[in-house]
Amino acid sequence: MTEVIVVTSGKGGVGKTTSSASISTGLALHGHKTVVIDFDIGLRNLDLVMGCERRVVYDFINLINHECNLTQTLIKDRHKGVDDLYVLAASQTRDKDALTKEGVGEVIQMLKDDGFEYIVCDSPAGIEKGALLALYYADRAIVTTNPEVSSVRDSDRIIGMLQSKTLRAEKGEEPVTTSLLLTRYSAARSNNGEMMHVTDVDDVLGIPVIGVIPESKDILTASSTGDPVILNKDSDAGQAYDDTVRRILGEDLPLRFTEEKKGFFSKLFGR
Ligand SMILES: Nc1ncnc2c1ncn2[C@@H]1O[C@H](COP(=O)(O)OP(=O)(O)OP(=O)(O)O)[C@@H](O)[C@H]1O
Ligand SMILES: [Mg+2]
């Protein structure tokens with residue numbers, strides 16, 4: 001069985017590509033044959049975050065246009081401990097009209113036939129064609145949101161799309177399993193009221209939380225070296241992504257990194 005997971009959001013720049021990279025790496029680390037697809041045609045970025053940009057020969061659009069075969073297009077991930085992870089890069093130059101519902105469907109079917117257990121789709125920003133195609137074939141959606149009012153409001157719109165604009169919705173099948181991934185979370189800023197708290201976001205959107213990823217400098221280091229942060233076991237963000245992956249795989253784990261770390265003096269004086 002294959003599960004198609006879309007990493008989506010309403011607002012841009014919230015951490016979809018960062019999350020797609022770590023979640024797909026995590027699924028592979030847990031022994032699952034996984035592919036991650038960059039749907040952001042023209043703005044390819046996932047290959048950089050995954051550290052394979054120099055190995056892109058053919059891309060997603062080439063594959064849709066039958067200019068190459070699957071084996072030629074999939075880039076095998078080379079990180080230590082990761083055995084069965086592949087990247088399907090976005091085209092940098094082609095125009096977005098090349099992405100069609102039939103074409104995407106055909107590629108997803110090829111990947112299913114090839115035995116992939118997870119197909120992770122890194123969606124472009126917004127609710128335009130590219131984003132709608134990225135979510136169309138989804139079985140599961142991870143709605144990436146920052147703890148800010150504008151991001152939460154835009155997530156609400158994408159949740160509406162997930163309920164109406166997917167193949168599952170069209171066929172009247174079980175709805176797409178939809179959950180919330182709160183990224184760039186700062187417990188300190190949510191405690192002093194500068195940002196929304198995880199429970200407020202959860203209340204507004206009304207979907208279960210699959211993970212809370214703290215704001216972390218490790219993310220910047222990870223994307224500049226091309227090593228997804230989940231590979232950094234010492235990083236809070238890396239651990240939070242691993243928790244998220246475990247929850248996707250069915251483990252029941254409490255949320256971490258949602259409360260402020262108390263310093264020595266505040267612990268001592270109970271503040
Ligand atoms: N937890 C985090 N802590 C700190 N920085 C983060 C975190 N998550 C993401 N970022 C940073 O936020 C920026 C946007 O992240 P990313 O590219 O993953 O977002 P995106 O949703 O894919 O954007 P787009 O909508 O343009 O595709 C990047 O500079 C990334 O390094
Ligand atoms: Mg992106």
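See the structure shown above.
Q: Looking at this structure, I do not really get the site of ligand 1. What am I missing?
A: Of all residues adjacent to ligand 1, which total 17 residues, the nearest are Gly-13, Lys-16, Thr-17, Thr-18 and Ser-216. Within the backbone of Thr-17, an N or O atom sits 2.8 Å from an oxygen atom of ligand 1. About the coverage of ligand 1: the protein hides 79% of its 630 Å² of free accessible area. Comparing atom positions with the cavity grids shows ligand 1 to sit within the largest pocket. For the shell around ligand 1, the elements supplying multiple residues, two or more each, are α1 (16-29), β8 (209-214) and α11 (217-225). Here the shell around ligand 1 gets three residues from one element, more than from any other, and that element is α1. Split into classes, the residues belonging to the shell around ligand 1 amount to five nonpolar, eight polar and four charged.

Q: Before we go on, may I ask you to explain the pairing of strand β1 (residues 3-8) in this structure?
A: In summary, the side chains of a regular strand alternate between the two faces of the sheet. Taking burial as the measure, the six residues of β1 include five buried ones, the bulk of the element. Bridge analysis of β1 against strand β5 (residues 118-122) gives five bridges, and the strand direction is parallel. The residue of β5 that forms the bridge with Ile-5 is Val-120. One ladder, built from four bridges, connects β1 with strand β6 (residues 140-145); its direction is parallel. In the strand pairing of β6, Val-6 is matched with Ala-141.

Q: I'm lost on the side chain of Thr-25 in this one. Help?
A: Relative to the elements of secondary structure, Thr-25 occurs in helix α1. Take Thr-25: its relative accessible area is 0%, and that puts it in the buried class. Within the local environment of Thr-25, its side chain forms a polar contact with the backbone oxygen of Ala-21, the two atoms lying 2.7 Å apart. Those residues in contact with Thr-25 that sit more than four places away from it in its chain are Met-50, Val-82, Leu-85, Pro-228, Ile-230 and Leu-231.

Q: Could you clarify how one ought to interpret the sheet that holds β8 in this entry?
A: Two strands in a sheet stick together by hydrogen bonds in their backbones, pointing the same way (parallel) or opposite ways (antiparallel). Strand order in this open sheet of eight strands is β3-β4-β2-β5-β1-β6-β7-β8, and the pairing throughout is mixed. The outermost strands of the open sheet, each flanked by one partner alone, are β3 (75-76) and β8. Where β3 and strand β4 (residues 85-88) come together, two bridges link them in antiparallel fashion. Bridging across to β4, Lys-76 finds its partner in Tyr-86. Packed onto the sheet, α1 meets β1, β2 (34-38), β4, β5, β6 and β7 (177-185) and runs at close to 170° relative to β5. Contacts from helix α5 (residues 101-113) reach β1, β2, β4 and β5 within the one sheet, and its direction differs from that of β5 by about 150°.

How each quantity is defined
Residues numbered from 1 in each chain as written. Chains lettered and ligands numbered in written order. Predicted model: local features only at pLDDT ≥ 70, side-chain atom pairs only at ≥ 80, totals over all residues. Heavy atoms only, no water. Near = heavy atom within 4 Å. Polar contact = N/O pair within 3.5 Å; in protein donor to acceptor, adjacent residues only side chain to side chain. Areas by Shrake-Rupley, 256 points an atom, 1.4 Å probe, with all protein chains shown as cover. 1 Å grid on protein atoms, 1.4 Å probe; cavity = no way out; pocket = protein on both sides within 12 Å on 5 of 7 lines; lining within 4 Å. Sits in = over half its atoms within 2 Å of the grid points. Helix = DSSP H or I, 4+ residues; strand = E, 2+ residues; numbered from the N terminus. Nonpolar A, V, L, I, M, F, W, Y, C, P; charged D, E, K, R; others polar. Buried < 20%, exposed > 50% of the residue type's maximum accessible area, 1.4 Å probe, protein only. Pairing = 2+ DSSP bridges. Contact = heavy atoms within 4.5 Å. Axes fitted to C-alpha atoms, helices over the stretch in contact; angles between N-to-C directions.

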